[in-house]
Structures are given as C-alpha cells and as structure tokens.
Amino acid sequence: MHVMCNKKGFSLVETMIATMVLVVGLTGVAAMQMTALEGSMFANSQSSGAGIAMAWEEWLTGLMRNPDQDTSLYFGDIQTLHPENFVLLTSLDADNPDDKIDAYNAEKMSVFDPDAQLPPSPFVQVEMPATTDELLELFNGEAPFVVSGGGSHTLHFRKQGSTEVYLEFEAEDMPPPPPPGSRMVWRIAANVPVVNTATVE
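First, a word on scope: everything that follows refers to the structure included in this document. Here the structure is a predicted model, which means the values were calculated and not measured. (Residues numbered from 1 in each chain as written. Predicted model: local features only at pLDDT ≥ 70, side-chain atom pairs only at ≥ 80, totals over all residues. Heavy atoms only, no water.)

### Some remarks on the nonpolar core
Defined as follows: Here, nonpolar core refers to any group of buried Ala, Val, Leu, Ile, Met, Phe, Trp, Tyr and Cys residues whose side-chain atoms link them within 4.5 Å. A 1.4 Å probe rolled over the protein chains alone gives each residue an accessible area, and that area as a share of the maximum for its type sets the label: buried under 20%, exposed over 50%, partly exposed in between. In this description a helix means any DSSP run of H or I spanning at least four residues, a strand means any run of E spanning at least two, and both kinds are numbered starting from the N terminus. The contact definition used throughout considers only heavy atoms, calling two residues in contact when any of these lie within 4.5 Å.
Core analysis: the largest hydrophobic core is formed by 27 residues, its most contacted members being Trp56, Met128, Phe139, Phe145, Phe157 and Trp186. Among the elements of the structure, helix H1 (12-65), helix H2 (84-90), strand S3 (124-128), helix H4 (132-139) and strand S6 (184-190) are those that each provide at least two residues to this core. Looking at which element gives the most residues to this core, the answer is H1, with six residues. For Trp186, the residues in contact, after removing those within four places along its chain, are Trp56, Leu60, Leu89, Val124, Gln125, Val126, Met128, Phe139, Val200 and Glu201.

And the structure:
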C-alpha cells in the first residue's frame, strides 16, 4: 500500500520576496534607531547649552552687582554710582547716547573708541570664543571684544570680590565655554528698555 504525500516547498521567488520584506523592515528599524539617537544627542546638547547659558547669566549678574566695583562719578552737581564692569559691558554698545559712559571709559580705562562705526541697531552682537583660555583673554584685557559692524574694544573687567581693578580671572572663576558644535553670542544694548539699564541676551 502506497501513501501519496503532496509535499510542496517555497520557490526561489517567494524566498527572495520574503527576504526583501525582512530587509526593508530591518532598514526601517535601523533608521528609527538612528533618528532616536540623533534626537537624544540634540536634546543633550540643548540641555547642556541651556545650563551653560544660565551659568553665564548668573555669573554676569554677580559680576555687575559686586558692591566692590562701585565707583563714584560726578556729572555737574550730580554724583552717580557706576559699577565698573557694568560700564565696561555697556561700552560695547557704541550707539549708547549716554556720553557719560563714553567719557568714563576714555578717562579711566583708555579703552573706548568713540570713532567705532557700528550698525544703527538697538543691539550689538558679540561672538564669544569657544575655549576657556580665550574667554580669560577677553575678560583679562588680553584680547579685544569684536562686535557686529567690525568695531573692537579691549576691556579689563574686575574680578568678583576684588578691590583691585586688574586682578586677573582664572579658569575656576568663570563658567565653562559653550559646548562643542554650539555658539555663544551676546546681544548687548545700553539704556534698553529703560534708561540707565543694560540688556544682555
């Protein structure tokens, strides 16, 4: 007695089609993983940049409010207190109509260029360097701040808690530089939006 079994396998065409479907599916999964990885790296970069930006904001606020920096200046019969670091920072905005700040820098620090030509904008932009050493050179007066429009100013800021004008900053005194692949650009305006104030973004 013979039993006939009708056994049927897969053809080569069917195997190739199944393999193709599998490859397409795996390619989609790999692309999804790559997209997720890139998104995670971007989020980490944004989080790191935001943290560094906040650290610089707090550092600048402390630098401007340091009581040791108060310097008495007389304008006619009016005596005004100007923190030196605040005056130096606002001097980067050459469109500032307050001639008192220009005169202060020209007389006390000899660093302000009254002939600097900057665009007629309420803000000037300053590109901050990407390394701690370069940042130290800026704030210690060893390298100029270059502002939008081509003007440059060499300014020497006073270290927090220091009664000496030229006590130099060290790496541990400053926030970290911007993370790799990012930029730190300051937008500075004097007397905006209120007179006798400065805006730094």
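Back to the write-up after that little detour.
### Looking at the pairing of S3
Test applied: One bridge is not enough; two strands pair if DSSP finds at least two bridges between them.
Burial of S3 is one-sided: the residues Val124, Val126 and Met128 facing one way are buried, the residues Gln125 and Glu127 facing the other way are not. Pairing geometry for S3 and S6, over five bridges, is antiparallel. Its bridge partner lying in S6, Gln125 is registered against Arg187.

### Quick word on the environment of Thr131
Mapped onto the elements, Thr131 comes out in the loop between S3 and H4. Residue class for Thr131 comes out partly exposed when judged on its relative accessible area of 36%. Along the chain, Thr131 and Pro176 lie 45 residues apart, while their C-alpha atoms are 8.1 Å from each other.

### Section: a nonpolar patch on the surface
Just so we agree on the cut-off: For patches, a residue must show more than 30% relative accessible area and have no salt bridge; joins then use 9 Å for like charges and 5 Å for nonpolar side chains, namely Val, Leu, Ile, Met, Phe, Trp and Tyr. Each accessible area is a Shrake-Rupley result for a 1.4 Å probe, and residues are judged covered by the shown protein chains and nothing else. Counted as salt bridges are all cases of a side-chain nitrogen of Lys or Arg within 4 Å of a carboxyl oxygen of Asp or Glu.
A grouping of Val13, Ile17 and Val21 is seen on the molecular surface, where their side chains present a nonpolar patch of about 290 Å² in accessible area. Take Val13: it is sitting in helix H1. Look at Val13 and you get exposed, because its relative accessible area is 55%.

### Some details on the side chain of Asn85
Inclusion rule: Any pair of nitrogen or oxygen atoms within 3.5 Å is treated as a polar contact; in protein, a donor-acceptor pairing is required on top of that, and neighbouring residues in sequence qualify only through side-chain atoms on both sides.
Within the secondary structure, Asn85 sits in helix H2. At 2.7 Å, the side chain of Asn85 and the backbone nitrogen of Arg158 are in polar contact.

### Here's the deal with H1
Defined as follows: Each residue after the first adds 1.5 Å to the expected span of a helix.
Taking 1.5 Å per residue as the helical rise, H1 with its 54 residues ought to reach 80 Å, and the 79 Å between its terminal C-alpha atoms agrees with that figure. If you check which residues of H1 are buried, you get Ile52, Trp56, Trp59, Leu60, Leu63 and Met64.

### Things to note about the environment of Pro178
Within the secondary structure layout, Pro178 lies in the loop between strand S5 (152-153) and S6. Under the relative-accessibility criterion, Pro178 is labelled buried at 9%. As a C-alpha pair, Pro178 and Ser48 span 130 residues in sequence and 8.6 Å in three-dimensional space.

### Some details on the packing of aromatic side chains
What counts here: To pair, rings of Phe, Tyr and Trp, with the six-membered ring standing in for Trp, must have centres within 6.5 Å; the planes then decide the type, stacked if under 30 degrees apart, edge-to-face if over 60, and tilted in the middle.
Tallied over the entire structure, the rule returns 10 aromatic pairs. Centre to centre, the rings of Trp56 and Trp59 are 5.2 Å apart; their planes meet at 75°, and the pair counts as edge-to-face. On the criterion of helical spacing, the pair formed by Trp56 and Trp59 is a turn pair, its members being three residues apart in helix H1. The exposure classification of Trp56 matches that of Trp59, with both residues buried. Look at Trp56 and Phe139: their rings are 6.1 Å apart centre to centre, the planes differ by 25°, and that puts the pair in the stacked class. Separated by 83 residues along the polypeptide, Trp56 in helix H1 and Phe139 in helix H4 bring together distant segments of the chain. With relative accessibility at 2%, the residue Trp56 sits in the buried group. In textbook terms, an aromatic cluster arises when at least three aromatic residues are bridged by ring pairs, as seen for Trp56, Trp59, Phe139, Phe145, Phe157, Phe169 and Trp186.

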